[in-house]
Amino acid sequence: MNILSIAGGQALAGDIRASGAKNAVLPILAATLLSDRVSTIENVPHLHDVTTMLQLLGQMGASLTVDEKQTIEIDPANITHPQAPYDLVKTMRASILVLGPLLARYGTAEVSLPGGCAIGSRPVDLHLKGLEAMGAEIKVENGYIRASASRLRGAHLFLDKVTVTGTENLLMAATLAEGETLIENAAMEPEVVDLAHFLQAMGAHIEGIGTSSLKITGKTSLNGTRYRVMPDRIEIGTFLVAAAITGGSIRLNGSCNDALESVLIKLQEAGASIETGGSGADAWVSLDMHGQRPRAVDIVTAPYPGFPTDMQAQFCAMNALADGVSVVTENLFENRFMHLNELARMGADISIEGNRAIIKGKPSLKGAPVTATDLRASASLVLAGLAAEGETQIFDVHYIDRGYERIEEKLSHLGANIHRKALPGPA
Ligand code: EPZ
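Residues numbered from 1 in each chain as written. Predicted model: local features only at pLDDT ≥ 70, side-chain atom pairs only at ≥ 80, totals over all residues. Heavy atoms only, no water.

A. Local environment of the pattern of salt bridges. A full pass over the atoms with the stated rule returns 19 salt bridges. With a closest N to O distance of 2.5 Å, E235 and K410 form a salt bridge. Of this pair, E235 sits in helix α8 (residues 233-245) while K410 sits in helix α14 (residues 407-413), and the two are 175 residues apart along the sequence. Side by side, E235 and K410 carry an identical accessibility label, which is buried. The closest approach of N and O atoms between D310 and R336, which form a salt bridge, is 2.8 Å. One end of the pair, D310, is in the loop between β18 (299-300) and α10 (312-320); the other, R336, is in the loop between β19 (325-329) and α11 (338-345), with 26 residues separating them in the sequence. Residues D310 and R336 agree in their burial class; the two are buried. Residues joined in a network through salt bridges with shared partners are K22, D49 and R402. (Salt bridge = Lys/Arg side-chain N within 4 Å of Asp/Glu carboxyl O. Helix = DSSP H or I, 4+ residues; strand = E, 2+ residues; numbered from the N terminus. Buried < 20%, exposed > 50% of the residue type's maximum accessible area, 1.4 Å probe, protein only.)

Structure (structure tokens):
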């Protein structure tokens, strides 16, 4: 069994480069299924979830080559099995993203229902409702979604809730549907925009990109293309909080500052000096705490451009050590506070009232053995361990490998005392 062991108390300092965005590369890899031509995807992060998506595409019949710079070439010409089996979907819910492309391109798809996960029940009813409105026949039986459509037709869709992967599935399906599709109340996350730009590069006709109303005019076929995935704004935000919580000063190269606005503003509220510069692939962001303890900041999560739910756990860790009392409100998922129990084991003073956490900042936390429960919860435990007195051991560390590329390497480069250790016992 692997754990991460952290000896806290080092103020982080130095420069690192951001990786490609997990939540952009996953829908983009799925979107390659919309064409029978080769696509080349650059800046792909080396993550467990990406490996799972590649396994899924390979199992369908796509041929894949990966070079040493993690550029991936996908040839979807010989897809023979338009299925996503339970054993892969259960390890990565985002497998649902192959449903729209398979249905649009092959007229049939069999995708295991993604179960819930630690943070919530994670239904996909809005994905299915939208595809049915576009003419798909969908049966859900024996834990599988079985969908078929001779050819999807354009429809006027209104999403009852803002759903990121729901918007992405319907957007991908609409690119090959007959006629025009309007998706209202669409998610505007930067990763949805990145997917839309990739689809446009394949020849899709999409208007309203970056807004909550997407208009897609279906084509009969799409081409292959070459595309560079956007930087991971959640990885960047996580490292910025790592510097803030340890009173350090770091710079991230290859940033996406416009996509981080709400996070950067909250870090300034906490007392950080933030500077940004460069443009495109040369954009950068730096944070300097001047050795100060962060001030407590209230957080309310919301769909983009609101504060991202994927940064909530990280800010809870910072608030646990901040000067003052903060209220953190989680509006997206019904069970995304499990990191708080583990932070409390390190001495954090937190009480939960429904979807609100009241956090009384303390001058220090104590290292302890803690257990990760989901991807961003594990990140918050790493952050707390970096600032705590003594050693923190994080169990179930596989969660963190799903969403952070070489995290201990990057943190060590910034001066953290963090090591992966193999302990006897089950893997
Ligand atoms: C995406 O998940 C991200 N994952 C999540 O990141 C992120 O937390 C989430 O969006 C919100 O930003 C990927 O992009 C791969 P939703 P998604 O559909 O699409 C409800 C991470 O840590 N809903 O936007 O699954 C749902 O229950 C992960 O990287 C329905 O009710 O989230 C939730 O309350 C965690 N019916 C809300 O909408 C549906 O059909 C938002 O969920 C779909 C969603």
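B. Representation of the pairing of strand β13 (residues 213-217). Covered by surrounding structure in β13 are L214 and I216 only, the residues S213, K215 and T217 on the alternate face being uncovered. With five bridges connecting them, strand β11 (residues 180-184) and β13 associate as antiparallel partners. In the strand pairing of β13, E180 is matched with T217. Bridge count between strand β12 (residues 205-207) and β13: three bridges; the pairing is antiparallel. In the strand pairing of β13, E207 is matched with K215. Hairpin connection, β12 to β13: the antiparallel pair is bridged by five residues, and G208 has positive phi, about 85°. (Pairing = 2+ DSSP bridges.)

C. Structural view of the sheet that holds strand β23 (residues 391-395). Strand order across the open sheet formed by four strands is β22-β23-β1-β24, with mixed pairing between neighbours. A single partner strand is all that each edge strand has here, and the edge strands are β22 (369-371) and β24 (417-422). Here the average twist between neighbouring strands, direction ignored, is 25°. As judged from the six bridges shared by strand β1 (residues 2-7) and β24, these two strands associate in the antiparallel manner. Considered in β24, the bridge of A7 is made with N417. Taken strand by strand, helix α12 (residues 375-387) contacts β1, β22, β23 and β24, and its axis lies near 35° from that of β1. (Axes fitted to C-alpha atoms, helices over the stretch in contact; angles between N-to-C directions. Contact = heavy atoms within 4.5 Å.)

D. Spatial organisation of the packing of aromatic side chains. Scanning the entire structure with this criterion turns up two aromatic pairs. With centroids separated by 5.6 Å and ring planes inclined at 75°, the aromatic side chains of F198 and Y227 adopt a geometry described as edge-to-face. Here F198, found in helix α7 (residues 190-201), pairs with Y227, found in strand β14 (residues 226-228); they are 29 residues apart in sequence, far enough to count as distant. This pair shows no difference in class: F198 is buried, exactly as Y227 is. Taking the centre distance of 5.0 Å and the plane angle of 90° together, the rings of F307 and F315 count as edge-to-face. Taking relative accessible area as the criterion, F307 reaches 5% and is therefore assigned buried. For F315, a relative accessible area of 0% corresponds to the buried category. Directly above the aromatic system of W284 lies the positively charged group of R251, at a separation of 4.2 Å from the ring centroid. (Phe/Tyr/Trp six-rings, centres within 6.5 Å; stacked < 30°, edge-to-face > 60°. Lys NZ or Arg CZ within 6 Å of the ring centre and 35° of its normal.)

E. Representation of the site of the ligand in the model. Around the ligand sit 22 residues in total, of which L126, T163, T165, D310 and L332 are the nearest. Between T165 and the ligand, the recorded distance is 2.6 Å, taken from a side-chain N or O atom to an oxygen atom. Here the ligand has 830 Å² of accessible area as a free molecule, and 90% of this is covered by the chains. Considering every element that reaches the shell around the ligand, the biggest residue donor is helix α5 (residues 125-133), with three residues. Here the residues of the shell around the ligand sort into nine nonpolar, five polar and eight charged. (Near = heavy atom within 4 Å. Polar contact = N/O pair within 3.5 Å; in protein donor to acceptor, adjacent residues only side chain to side chain. Areas by Shrake-Rupley, 256 points an atom, 1.4 Å probe, with all protein chains shown as cover. Nonpolar A, V, L, I, M, F, W, Y, C, P; charged D, E, K, R; others polar.)

F. Quick peek at the side chain of T301. With respect to the secondary-structure elements, T301 resides in the loop between β18 and α10. In this structure T301 touches F307, P308, T309, Q312, T329, E330, N331 and L332, once residues within four positions along its chain are discounted.

G. Molecular detail of the environment of E353. Among the structural elements, E353 can be located in strand β20 (residues 349-353). With a relative accessible area of 46%, E353 lands in the partly exposed category. Linking E353 and R153, residues 200 residues apart in sequence, is a C-alpha distance of 45 Å.

H. Seen up close, α7. With twelve residues, α7 ought to run about 16 Å at 1.5 Å a step, and its terminal C-alpha atoms sit 17 Å apart, in line with that. Burial of α7 is extensive: nine of the twelve residues sit out of reach of the surface. P190, E191, V192, V193, D194, L195, A196, F198 and L199 are the residues of α7 that are buried. Elements that come into contact with the buried residues of α7 comprise α1 (22-31), β3 (39-42), α6 (164-174), β12, β14 and α8. (Expected span 1.5 Å × (residues − 1).)

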